[in-house]
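# A look at the structure
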Amino acid sequence: MPHAPAHPVPGPLTPTLPYDLGPRAAAATRDVRLQQFVNAATLSKDRARRAAFDASFGVRADDLRDLAARIKQHTLDHLDHYLERFDAAARARGTVVHYAADAAEANRIVVDLARARGCRRCVKSKSMLTEETGLVPALEAAGVRAVETDLGEFILQIDGDAPSHIVTPMIHKDRAAVGRAFQRALGVPYTDEPAALAAIARRHLRDAFRRADLGVSGGNFLIAETGELVLCTNEGNGRLSTSCPPIHVALVGIEKLIPRRADLAVMLKLLARSATAQPLTCYTSIIGGPRAPSEPDGPREVHVVLVDNGRVALLADETRELLRCIRCGACLNACPVYRKIGGHAYGSVYSGPIGAVLTPPLKGLANYPDLPHASSLCGACVEACPVKIDIPRQLIRLRTEMVRRRIAPAGGRFLMRAWAWVLRSPRRYRAALALQRALLRALADDLPPHASPYASRGWIAHALGPLAGWTSQRDLPTPTPLAFRDWWRRRETP
Ligand code: SF4
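Calculation criteria
Residues numbered from 1 in each chain as written. Predicted model: local features only at pLDDT ≥ 70, side-chain atom pairs only at ≥ 80, totals over all residues. Heavy atoms only, no water. Domains from an automatic or database assignment. Near = heavy atom within 4 Å. Nonpolar A, V, L, I, M, F, W, Y, C, P; charged D, E, K, R; others polar. Helix = DSSP H or I, 4+ residues; strand = E, 2+ residues; numbered from the N terminus. Expected span 1.5 Å × (residues − 1). Buried < 20%, exposed > 50% of the residue type's maximum accessible area, 1.4 Å probe, protein only. Contact = heavy atoms within 4.5 Å. Pairing = 2+ DSSP bridges. Axes fitted to C-alpha atoms, helices over the stretch in contact; angles between N-to-C directions. 1 Å grid on protein atoms, 1.4 Å probe; cavity = no way out; pocket = protein on both sides within 12 Å on 5 of 7 lines; lining within 4 Å. Points joined across faces, edges and corners; volume = space filled by probe spheres on them. Core = buried A, V, L, I, M, F, W, Y, C linked by side-chain atoms within 4.5 Å. Phe/Tyr/Trp six-rings, centres within 6.5 Å; stacked < 30°, edge-to-face > 60°.

Next up on the list: the domain arrangement of the protein. Per the domain assignment, the segments of the protein are domain 1 (23–312) and domain 2 (411–492). Here the C-alpha centre of domain 2 lies 49 Å away from the C-alpha centre of domain 1.

Bringing the site of the ligand into the picture now. Neighbouring the ligand are 13 residues; C325, C328, G329, C331 and C385 lie closest to it. For the shell around the ligand, a count of residues per class yields 11 nonpolar, 1 polar and 1 charged.

Think of an α-helix as turning once every 3.6 residues; residues three or four places apart then point the same way. The end-to-end C-alpha distance of helix α2 (residues 32–57) is 37 Å, a good match for the 38 Å that 26 residues give at a rise of 1.5 Å each. Taken together, the buried positions of α2 are L34, Q35, V38, T42, D46, R49, A52, F53 and F57. At its buried positions, α2 is contacted by α1 (23–30), α3 (61–77), α12 (261–276), α14 (330–334), α15 (336–341) and α17 (380–384). G58 sits one or two residues past α2 and shows a positive phi near 55°.

Pairing within the open sheet is parallel, and its 6 strands lie in the order β1-β10-β7-β4-β2-β3. Because the sheet does not close on itself, it has two edges, and the strands there are β1 (96–100) and β3 (145–148). Taking each pair of neighbouring strands and ignoring which way they run, the sheet shows an average axis angle of 20°. In this structure, β1 lies alongside strand β10 (residues 301–307), joined through 5 bridges in parallel fashion.

Moving on to the sheet that holds strand β8 (residues 257–258). Within a sheet, neighbouring strands are paired by backbone hydrogen bonds and run either parallel or antiparallel to one another. Reading across from one edge, β8-β5-β6-β9 is the order of the 4 strands in this open sheet, with mixed pairing throughout. Only two strands of the sheet have a single neighbouring strand rather than two, namely β8 and β9 (283–287). Of the strand pairs in this sheet, strand β6 (residues 228–233) and β9 are connected by 5 bridges, and their pairing is antiparallel. Looking at β9, one finds that T233 is bridged to Y283. Strands in contact with α12 are β5 (221–223), β6, β8 and β9; relative to β5, the strand with the most contacts, it is inclined by about 165°.

Turning next to the layout of surface pockets. If you add up the space inside the second largest pocket, you get close to 920 Å³. Residue lining of the second largest pocket: 41 residues in total, with K126, D150, I166, V167 and T168 positioned closest to the centre. Taken together, the elements giving at least two residues each to the lining of the second largest pocket come down to α2, α6 (128–133), β6, β7 (247–253) and α12. Per-element tally for the lining of the second largest pocket: the top contributor is α2, with 4 residues. Residue classes in the lining of the second largest pocket are distributed as 18 nonpolar, 13 polar and 10 charged.

Within the largest apolar cluster, 81 residues are counted, with the highest numbers of intra-cluster contacts made by F86, F221, L222, L257, L306 and I354. The element that contributes the greatest number of residues to this core is α12, accounting for 7 residues. Discounting chain neighbours no more than four positions away, the residues touching L306 are L83, F86, V97, H98, Y99, A100, L222, V252 and I254. Residues A106, V110, L129 and L214 belong to the second largest nonpolar core, which totals 23 residues.

Here we come to the packing of aromatic side chains. In this description, a pair of aromatic rings is defined by centroid distance and the angle of the planes. Using the criterion set out here, one finds 7 aromatic pairs in the structure. Here the aromatic rings of W419 and Y429 are separated by 6.3 Å at their centres, their planes lie at 50°, and the arrangement is tilted. In this pair, W419 sits in helix α19 (residues 410–423) while Y429 sits in helix α20 (residues 426–443), placing the two residues 10 residues apart along the sequence. Measuring from ring centre to ring centre gives 5.9 Å for F484 and W488, while their planes differ by 25°; the resulting arrangement is stacked.

Spelled out as structure tokens, the structure:
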């Protein structure tokens, strides 16, 4: 079976003007079907999330989000302490704890474990961290056949595709595409009936679970107090992946720690509602170590690989709050930019608003100069975020850094300096607005010749220069000929 290729990250990007659509985003905006799928799915998820919060918590929702943010921030502020506590508690339960400084080391630990125990067949549950490290290709290269068992991930794997949403990885595909992928990769007759497709996947995956000798998972939370690993899933594949094979390895980012079991109650309430509008995910597994001698099933060995891969560096400054993220995907569903371009356009494993702020510090701002601008700064993401990460503030911080490090293109920097000069003088500001208004009205396509100066609005379909990016996707309304302040002055003057 072919495995999913490394995530389609293009080579170094050539910065153009700020706000210019990158090539990936430009391709996505031409794909009308993609936009229809993503728009419909994210809108309905966003609505369902709001309804679930209103119904469950009402006005107390904000207090709960505050509490969750404080729990995560406190853990990050004392991460060394909680890592030590988790390590000691997990070892006392028989779990083997490993540390990986980067993606290569994380993969090497898993591959070495597989080789040392002669493992040939791996079943894997959904994990964004294993996407980040590229674990499946690493296992395949070492001769271990790795099967994704989350239904969405499984479909992407047989289709040679990559996830485009943190929670709903195949949000960009419809059931006809799934039917074609099954027909091509599994040799079954074409069908686009959801129940029939699920039955085909179930038959195929049951066999993989029965034969697997290695199970790999991620982890939603690690409880420092008890040394337990918490997995939240909806399909049951997570439980089969972690309990059928004799060896279970969990790759977990160090930011997934929480102090106590009592804190888990807060996190679970928020995670499920934010991600899928459920009160709880269908399966919440708390894994406390390998099978005890008296237990009839479960893995003989449990390993937890604690992965840094750039996270410690994020702790060092204002980026620390990014590590509060519990990967619920709510900010993606709320974001008007994500809705328009889908996840692949971000060119990174983490897409949407959180991807736009997490990828540049992890992978290099110069490699992703378009991401800090992939936002209108409307603030929908921070309103949706259950741990109150201030994504707009982080975006502005990245834009500032682009200017400071001269990553922002020279043309854009010049325009911003000129604009700052204009803003320092009320006279210059008024003159610039009058000039801008006159130029935009001259470009209007359908402005009536003797239109009322107060009410008339024309539309610009093809703007020039830096505004061309805007009108390539939508028309720009022309301003009224009279500025609001002039209109107000005339109105007030008898
Ligand atoms: S940033 Fe907030 S809303 Fe977005 S995925 Fe992370 S926790 Fe969820």
